[in-house]
Amino acid sequence: MIPRIINRLNQIEDWEYLLPAKEREELERVERIFPFRSNEYYLSLINWEDREDPIRRIVIPNPNELELSGRLDPSSEKSYTRLPGLQHKYHQTTLILFSDVCAGICRFCFRKRLFLLNEREVAVDLDACLAYIRAHPEITDVLLSGGDPLMLPTPALEHAIGRIREIEHVRIIRIGSKVPAYYPQRILEDPELLDLIQRYSTAEGRIYVMTQFNHPRELTSVAKKAIDEL
Ligand code: SF4
């Protein structure tokens, strides 16, 4: 069953009982700057009795985020950006910021700037990205990232993957995704997604899903099943 998406802290069931009012207000202040997103499934993994619960720390805002002394682009990605949404840092690899939506927003994300409203960085012109890759025969590996590419509708993903596959020198397509941990139902309830991966991942050119699990408690039976299906 698809879990309900939750975009605001005060939409969390029993929010007003889970934490003291002062703490809730503080977190809602953080949320106004760095947005929050999750869903009922992932939030059900939190032990609210434990203030330092690791799942809570992954996804629930923290007042320390308001300490704004760092940089919004800590990896200097701007300096590797060749086109809007396309980065070319390593010789054989290009990275496309394919989406600025995630199934949950990790509080530690080093691309938090994508979730702020002032600037969109995603690749809006797929043709231009493909032309860049075609013009660079050294690129054998295309990493679709974001945001989370698996949050896009499957036909949009298929359109892009199909066109990347037409470029002969690209061997590997990687999809960076935390959907298997945050929202495994997205994988299990969409046979077309699995079919797409099966069709486009061949002996000559593999698709790899690069996922991140940050805590063993994220490895639920549903998550394991989604990984098995992939
Ligand atoms: S899933 Fe990845 S891109 Fe999305 S918030 Fe987490 S670390 Fe950032």
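Above: the structure in question.
Residues numbered from 1 in each chain as written. Predicted model: local features only at pLDDT ≥ 70, side-chain atom pairs only at ≥ 80, totals over all residues. Heavy atoms only, no water.

Caption draft 1: Main features of the packing of helix α5 (residues 126-134) against helix α6 (residues 154-165). Across the interface, α5 lies against α6 with an axial gap of 11 Å and an inter-helix angle of 20 degrees. It follows from the interaxial angle that α5 and α6 lie roughly parallel. Between α5 and α6 lies a crossing whose hand is right-handed. The segment α5 lies against α6, with L126, D127, L130 and R134 engaging H159, A160, R163 and I164. Here the contact of α5 with α6 is composed, by residue class, of four nonpolar, one polar and three charged. (Axes fitted to C-alpha atoms, helices over the stretch in contact; angles between N-to-C directions. Helix = DSSP H or I, 4+ residues; strand = E, 2+ residues; numbered from the N terminus. Parallel < 35°, antiparallel > 145°, perpendicular 65-115°, else oblique. Left-handed = near helix turned anticlockwise from the far one by under 90°. Contact = heavy atoms within 4.5 Å. Nonpolar A, V, L, I, M, F, W, Y, C, P; charged D, E, K, R; others polar.)

Caption draft 2: Seen up close, the site of the ligand. Neighbouring the ligand are C102, G104, I105, C106, C109, F115, G146, G147, K178 and Q212. Considered class by class, the residues forming the shell around the ligand number five nonpolar, four polar and one charged. (Near = heavy atom within 4 Å.)

Caption draft 3: Highlighting the side chain of E65. Tracing the sequence through the fold places E65 in the loop between α4 (54-59) and β3 (81-83). Exposure remark for E65: the relative accessible area of 10% places this residue in the buried category. Reaching out from E65, the side chain makes a polar contact with the backbone nitrogen of N62 at a distance of 2.8 Å. Side-chain polar atoms of E65 contact the side chain of K112, separated by 2.8 Å. Those residues within four positions of E65 in sequence are excluded, and the remaining contacts are V30, F34, R107 and K112. (Buried < 20%, exposed > 50% of the residue type's maximum accessible area, 1.4 Å probe, protein only. Polar contact = N/O pair within 3.5 Å; in protein donor to acceptor, adjacent residues only side chain to side chain.)

Caption draft 4: Structural view of the nonpolar core. One finds I60, I96 and L144 to be the most contacted residues of the largest nonpolar core, which totals 52 residues. Sorting elements by how many residues they give to this core places α5 first, with five residues. Two domains each provide a minimum of three residues to this core, namely domain 1 (5-66) and domain 2 (77-229). Those residues within four positions of I96 in sequence are excluded, and the remaining contacts are G85, L86, A123, C129, I133, V142, L143, L144 and S145. (Core = buried A, V, L, I, M, F, W, Y, C linked by side-chain atoms within 4.5 Å. Domains from an automatic or database assignment.)

Caption draft 5: Geometry of the packing of aromatic side chains. One pass over the full model with this rule turns up two aromatic pairs. On the basis of an interplanar angle of 75 degrees and a centroid distance of 6.4 Å, the ring pair of W15 and W48 is categorised as edge-to-face. On the criterion of sequence distance, the pair formed by W15 in helix α1 (residues 15-18) and W48 in the loop between α3 (40-43) and α4 is long-range, its members being 33 residues apart. Considered together, W15 and W48 belong to a single accessibility category, that of buried residues. Each ring, one from Y42 and one from Y182, has its centre 4.7 Å from the other, and the planes form 80 degrees; the classification is edge-to-face. Of this pair, Y42 sits in helix α3 while Y182 sits in helix α7 (residues 179-182), and the two are 140 residues apart along the sequence. Taking the relative accessible area as the measure of exposure, Y42 reaches 0% and is therefore buried. Looking at Y182, the relative accessible area reads 2%, which means it is buried. The ring centre of Y182 lies 4.8 Å from the NZ or CZ of K178, which sits over that ring. (Phe/Tyr/Trp six-rings, centres within 6.5 Å; stacked < 30°, edge-to-face > 60°. Lys NZ or Arg CZ within 6 Å of the ring centre and 35° of its normal.)

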